[in-house]
Amino acid sequence: MKRKGMPQFPKSYWQDSVNVERFPHLDQSIKVDVGIVGGGITGITTAYLLSKTNLKVALIEAGELLNGTTGHTTAKITAQHGLIYDEFINHFGVEKTALYYAANNEAKKMIKQIIEQYKIECNFQEQDAYLYTNSEDYIKKLENEEKAYEKLAIDYQMSDQMPLDLPIKSVLVMKNQAQFHPLKYLKILIEKCKENGVQIYEYTTASSVEFSKHPTIITIDRKRITCRHVVQATHFPFYDGEGYYPTRMYADRSYVLAAKVNQSFPGGMYKNAETPSRSVRSNGNVEEELWIIGGESHKTGQGISTYKYYEALHQFAEQHFKIDSFVYRWSAQDLITLDKLPYIGPVTRKQHSVLVATGFRKWGMTNGTIAAKIFHDMIVEEENPYRELYTPSRFQADPSLKKFVKINADVTKHLIKGKLEYTDSNLEDIKPDDAKVVRINGKRAGVYKDEDNNLHVVDTTCRHLGCEVEWNSGDRTWDCPCHGSRYTIDGDVVEGPAKEPLIKIDIHSN
Ligand code: FES
């Protein structure tokens, strides 16, 4: 049963409140200095920074710019990334953890400086970030995090009160963080890229990289972008180069609601320390204030009925705030690396001309911005203090190894389970606006019945490495439990690593 008052279809508030210019498909081969793949914050910021050099830059995107994770974030510009600093100190030591904090702080300064330089109206506001708990079990963890802040000389405050009216036992405040409207900000960077001569193409999918003297990006319709450097800012790298990224990351989904509320937002950005996760901020627009309420999370394709996650957030919001109405709901996908630190740098130790940025966990605004700065500095051969920290070829045995085994055992389980799974559903069992996996002539097929009773039928074998996709009822997509590829009801790719659509099945010819 769908909950009353919830928008019927998912739509991101960020995407709905800004118009971004559309760009053409690349229909010929080109030669540039830098070929950037991916139209989110990392790709666009890299293109913007390089557009101020004398390098020739092209930016391509498989779908439309700003339609991926950047368009579905909660858009906090903060170095407070949940309970992470105590864990990082235990794993990497104080020095490297301090670098991580510094990198994210520098990203915040970069964003602020760009906003001030171009006077970008993007609801940028400096806000304190609150990490709170209402669980006895987490008080100790929050105290350990406080000790980590102390060691890293982070400007913080520990309290048992906060401005937002939620029951809490303890809260750790990181001072002077920020929030903004990410798409209003990036829309201006796209305009600057265009003014500075960056060639921008949409609906252009990169499929691989070939090497001769220089690397060449090959698109799925066999156009070639020959360049000196390839930047992969595609969320999941489209070119692996035997870096085995699918075995070193997993995809996680989380959910967001935007609500009109009959009370004023007290300021601040809030996140709890425990699970299920909860995050609250405002859109920063006093005239049309919306509260952005996020949380819940699960590995992609393993959420069974994903609609229940929206319902849990709905219930949380109604329990604690004077909700007038819910106006948007959407979900986001994040990639998480073995040691929770993003991979930013050469795709493998030996391939310095192909750069990759991925695994930002849920903190893409700052990590994506610092990735762009690292790429810029690598390409123009300037020093960068964060290069070593983020390098994708690092290997830290603990806790990475245990996670490595778990992620891959999980993928193997899904690969086998999906193939063997018995389904006794029939086409007649499917209600309008619902989907089921059925067997058609012995073959596993995913069938969505739309509200006009039309059937949309796809082969459920994922085009990445062959796992079986699962129905995502909340977002009406087919999601892969192995590495997070997602497809529309007709099989088109919403999210990689898959590059090709699911195979459509014509039931009338079967
Ligand atoms: Fe890798 Fe589906 S995303 S098999």
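Quick note: structure is the one above.
Here is what the cut-offs are and how they apply
- Residues numbered from 1 in each chain as written.
- Predicted model: local features only at pLDDT ≥ 70, side-chain atom pairs only at ≥ 80, totals over all residues.
- Heavy atoms only, no water.
- Salt bridge = Lys/Arg side-chain N within 4 Å of Asp/Glu carboxyl O.
- Helix = DSSP H or I, 4+ residues; strand = E, 2+ residues; numbered from the N terminus.
- Buried < 20%, exposed > 50% of the residue type's maximum accessible area, 1.4 Å probe, protein only.
- Expected span 1.5 Å × (residues − 1).
- Axes fitted to C-alpha atoms, helices over the stretch in contact; angles between N-to-C directions.
- Parallel < 35°, antiparallel > 145°, perpendicular 65-115°, else oblique.
- Left-handed = near helix turned anticlockwise from the far one by under 90°.
- Contact = heavy atoms within 4.5 Å.
- Nonpolar A, V, L, I, M, F, W, Y, C, P; charged D, E, K, R; others polar.
- Pairing = 2+ DSSP bridges.
- Disulfide = S-S within 2.5 Å.

Asks: Before we move on, can you summarise the pattern of salt bridges with the specific residues and values?
Replies: For the structure shown, the criterion picks out 23 salt bridges. One salt bridge connects Lys362 with Asp252, and the closest N-O pair in it is separated by 2.9 Å. Residue Lys362 is located in the loop between strand S19 (354–358) and helix H8 (364–379), and its partner Asp252 is located in strand S13 (residues 249–261); the two are separated by 110 residues in the primary sequence. What makes Lys362 partly exposed here is its relative accessible area of 29%. Between Arg476 and Asp433 there is a salt bridge whose closest N-O contact spans 2.6 Å. On the criterion of sequence distance, the pair formed by Arg476 in the loop between strand S23 (470–472) and strand S24 (477–479) and Asp433 in the loop between helix H10 (397–420) and strand S20 (434–440) is long-range, its members being 43 residues apart. You'll find Arg476 and Asp433 in the same group, each marked buried. The network of salt bridges with shared partners includes Arg253, Asp475, Asp479, Arg486 and Glu495.

Asks: I'd love a proper account of H8, names of residues and values included.
Replies: When the terminal C-alpha atoms of H8 are compared, their 21 Å separation across 16 residues agrees well with the 22 Å that a helix rising 1.5 Å per residue should span. Counting buried residues in H8 gives 15 out of 16 residues, a clear majority hidden from the surface. Positive phi appears at Glu381, one or two residues downstream of H8, with a value of about 60°.

Asks: Report on the packing of helix H4 (residues 94–118) against helix H6 (residues 182–195), specifying residues and quantitative values.
Replies: Between H4 and H6, whose axes approach to 11 Å, the crossing angle comes to 70°. By the criterion of interaxial angle, the relationship of H4 to H6 is roughly perpendicular. Here H4 and H6 pass one another in a crossing that is left-handed. Contact residues: Ile111, Ile114, Ile115 and Tyr118 in H4; Tyr185, Ile188, Leu189 and Lys192 in H6. Class assignment of the residues belonging to the contact of H4 with H6 gives a composition of seven nonpolar, no polar and one charged.

Asks: So what about the sheet that holds strand S22 (residues 455–459)? Which residues, and what values?
Replies: With respect to topology, three strands assemble into an open sheet ordered S20-S21-S22, the strand pairing being antiparallel. The open sheet has two edge strands, S20 and S22, and neither has a second partner. On average, each strand axis in the sheet is tilted by 30° relative to the strand beside it, whichever way the strands run.

Asks: Can you lay out the state of the cysteines for me, pointing to particular residues and giving the numbers?
Replies: Inspection of the entire model under this criterion finds one disulfide. Bridging Cys467 to Cys482, the disulfide has an S-S length of 2.0 Å. Measuring handedness by torsion sign, the sulfur bridge of Cys467 and Cys482 sits at about -85° and is left-handed. Highlighted residues: Cys467 in the loop between S22 and S23 and Cys482 in the loop between S24 and strand S25 (486–487), separated in sequence by 15 residues. You can call Cys482 buried: its relative accessible area is 5%. Sulfur of Cys193: no disulfide; nearest cysteine sulfur belongs to Cys122 and is 16 Å away.

These figures come from the coordinates and say nothing about function on their own.
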